[in-house]
Amino acid sequence: MVLSAIFIFEQALLAAPIGAASADAPSTQSPSFATPSFTSAAVIDEIYTPESAATDSPLIYLIQDAHTNFSGQLNLAATLSELWSIEEGLGYVFVEAGDGDSSMSFLRGYADAEKRRETALKYLRRGELHGEEYLDIVSDLNMRIWGVEDRRLYQGALELYRLVVSSRESSEKTLGIFKSSLAALKARVFSPALTVFDAQAYRYQQGGTPVVEYAEYLSREASRLGMPEEEASALLALEELRLKESGLDFSRADAQARELMNIVNIEGRAVVDGAHEDFLLGRWKHRGPELGRERLEVLRQKALSLRAQEGGSSEAYGEFLAYCDYEAGAQQVASSGLLDEIEELTESVYARLADTRSRRGLVEAG
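Residues numbered from 1 in each chain as written. Predicted model: local features only at pLDDT ≥ 70, side-chain atom pairs only at ≥ 80, totals over all residues. Heavy atoms only, no water.

**Q** In this structure, what is going on with the overall build of the protein? I would like to understand it.
**A** Tallying secondary structure elements over the protein gives twelve helices and five strands in all. Within the protein, the proportion of its 366 residues that are buried is 36%. (Helix = DSSP H or I, 4+ residues; strand = E, 2+ residues; numbered from the N terminus. Buried < 20%, exposed > 50% of the residue type's maximum accessible area, 1.4 Å probe, protein only.)

**Q** Looking at this model, I keep getting lost on the side chain of K186. Mind explaining?
**A** Tracing the chain through its elements places K186 in helix α4 (residues 151-189). For K186, the contacting residues outside a window of four places in its chain are D198, L362 and G366. (Contact = heavy atoms within 4.5 Å.)

**Q** I keep staring at helix α3 (residues 131-138) and nothing clicks. Help me out?
**A** Every α-helical turn comprises 3.6 residues, leaving residues that sit three or four positions apart pointing alike. Across the eight residues that make up α3, a large majority, eight, are buried. Residues of α3 that are buried include every one of G131, E132, E133, Y134, L135, D136, I137 and V138, and no others. Those residues of α3 that are buried are in contact with α1 (70-86), β1 (92-95), α2 (113-125) and β3 (144-148).

**Q** Help me out: how do you make sense of the packing of aromatic side chains in this one?
**A** Note on aromatic pairs: each is described by the distance of the centres and the angle between the planes. In the structure shown here, the tally under the stated rule is nine aromatic pairs. Look at F197 and Y217: their rings are 6.2 Å apart centre to centre, the planes differ by 25°, and that puts the pair in the stacked class. Here the residue F197 occupies a position in helix α5 (residues 192-205), and Y217 occupies one in helix α6 (residues 211-224), the gap between them amounting to 20 residues. For the residue pair F197 and Y217, the accessibility class agrees, reading buried in each case. Both rings, one in Y323 and one in Y326, keep their centres 5.9 Å apart while their planes meet at 45°; by these two values the pair is tilted. Here the residue Y323 and the residue Y326 both occupy positions in helix α10 (residues 318-334), the gap between them amounting to three residues, near one helical turn. Of the two residues, Y323 and Y326, both sit in the buried class. Here the aromatic residues F197, Y204, Y214, Y217 and Y350 are joined through ring pairs into a cluster of three or more. (Phe/Tyr/Trp six-rings, centres within 6.5 Å; stacked < 30°, edge-to-face > 60°.)

**Q** Can you walk me through the environment of R162 in this structure?
**A** Here R162 shows up in helix α4. Here R162 falls in the partly exposed class, since its relative accessible area comes to 45%. There is a polar contact of 2.4 Å between the side chain of R162 and the side chain of E159. (Polar contact = N/O pair within 3.5 Å; in protein donor to acceptor, adjacent residues only side chain to side chain.)

**Q** Just checking my understanding: could you explain the pattern of salt bridges for this structure?
**A** Opposite charge on two side chains permits them to pair, given that their charged atoms come into close proximity. Summed over all chains, the structure comprises twelve salt bridges. Among the salt bridges present, the one from E221 reaches R224, with a minimum N-O distance of 2.6 Å. Of this pair, E221 and R224 both sit in helix α6, separated by three residues, roughly a single helical turn. In this structure, D355 and R359 form a salt bridge, with 2.7 Å as the shortest nitrogen-oxygen distance. The class for R359 is buried, based on a relative accessible area of 17%. (Salt bridge = Lys/Arg side-chain N within 4 Å of Asp/Glu carboxyl O.)

**Q** So what exactly am I meant to see when it comes to the packing of α6 against helix α11 (residues 338-353) here?
**A** The description of two helices packed together rests on the angle between their axes and the distance between the axes. Across the interface, α6 lies against α11 with an axial gap of 10 Å and an inter-helix angle of 40°. On the basis of their axis angle, the class for α6 and α11 is oblique. Classified by chirality, the crossing of α11 by α6 is left-handed. Between α6, through V211, Y214, A215, L218, E221, A222 and R224, and α11, the contact on the second element is made entirely by L338, L339, I342, L345, T346, V349 and L353. Among the residues making up the contact of α6 with α11, the classes are represented as eleven nonpolar, one polar and two charged. (Axes fitted to C-alpha atoms, helices over the stretch in contact; angles between N-to-C directions. Parallel < 35°, antiparallel > 145°, perpendicular 65-115°, else oblique. Left-handed = near helix turned anticlockwise from the far one by under 90°. Nonpolar A, V, L, I, M, F, W, Y, C, P; charged D, E, K, R; others polar.)

**Q** Before we go on, may I ask you to explain a negative patch on the surface in this structure?
**A** Residues D340, E343, E344 and E347 make up a contiguous surface patch of negative charge. The residue E344 is located in helix α11 in this model. (Patch = residues over 30% accessible without salt bridge, like charges linked within 9 Å, V, L, I, M, F, W, Y side chains within 5 Å. Areas by Shrake-Rupley, 256 points an atom, 1.4 Å probe, with all protein chains shown as cover. Lys, Arg positive; Asp, Glu negative; His and termini not counted. Charge placed at Lys NZ, Arg CZ, Asp CG, Glu CD.)

**Q** Please clarify how the side chain of E87 should be interpreted in this entry.
**A** By secondary structure assignment, the location of E87 is in the loop between α1 and β1. Reaching out from E87, the side chain makes a polar contact with the side chain of Y61 at a distance of 2.7 Å.

**Q** Sorry, what's going on with unusual backbone geometry here?
**A** With the exception of glycine, the majority of residues adopt a negative phi angle, and the majority of peptide bonds are in the trans configuration. The backbone phi angle of A97 is positive, close to 55°, even though this residue is not glycine. Residue Y317 is not a glycine yet carries a positive backbone phi of 55°. Locating Y317 in the fold gives a position in the loop between α9 (289-309) and α10.

It is worth stressing that arrangement in space is one thing and function is another; only the former is reported here.
Right, dumping it as structure tokens:
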């Protein structure tokens, strides 16, 4: 939708962190911290502070990176470097697929910084070094890389993977025969209605049908079968949301939102969650889903204030306020357990349509 573009921020360049690693430094870090900017290396997707967090709670960064991707690993190194520059006491980077001390700093003594960088880049390009290892080699930072895997469990998982790979071809043949036999039996035993529904459900379960499209189909099928509406409350809420969407002029709402953003920017700085940030330019330190909603709420409050100044006219920023109502409905649907309800209603429709023992048996078989 057009308006959503206002609240979308740039993505990480082949690396999308939700934070970075933790140090085992003394627990002096407050949950309130100076947020790194990361420039183009990364973006902060989420910040979580428990309500019960003490002022001496340790701070943990969790990084999601693009494995074996050269640009992604360079961005990982840049992100760690910035964290080390702004946070006192950081000492460790904890990594997966490692066991114990995996630091590479011992290599620093074998060559000067430029030679180390040149050599490490070659291995980084080949995917044989990770970003944190590259940084440990080329920098002079006081950092230790520590693998958090249980070696016994890790080796066991590798052995299981080898077993799966070695038997995959024969297993796929056997599974193919089973699927063909099952399809042939369904064609003979299923009723026309059950055949159609089974095909729709299978397509959705395989990712071939979007959630909203399948939810609408499921709602229609439940209605056709006379199933109680209370069994599909989230689906009904989704239908109401789609009705609101069909009546929205997103282009007009977008224009009104931009007008409000200009007004807020001209008046000064917007206050969101106690932090003063440049509003219009989008230079927000805390980026992510919560920010979009907070920013939307600032605009909504401004629209309501301006509407009151004009005597409460429903025309003043009406389309934008209608969008705010639509967005609130979308958030409600997103948190309403829609996917669980889809799964439950799918099972209920199957139970209604599979009206014989043989049909129920084939449904249970897949």
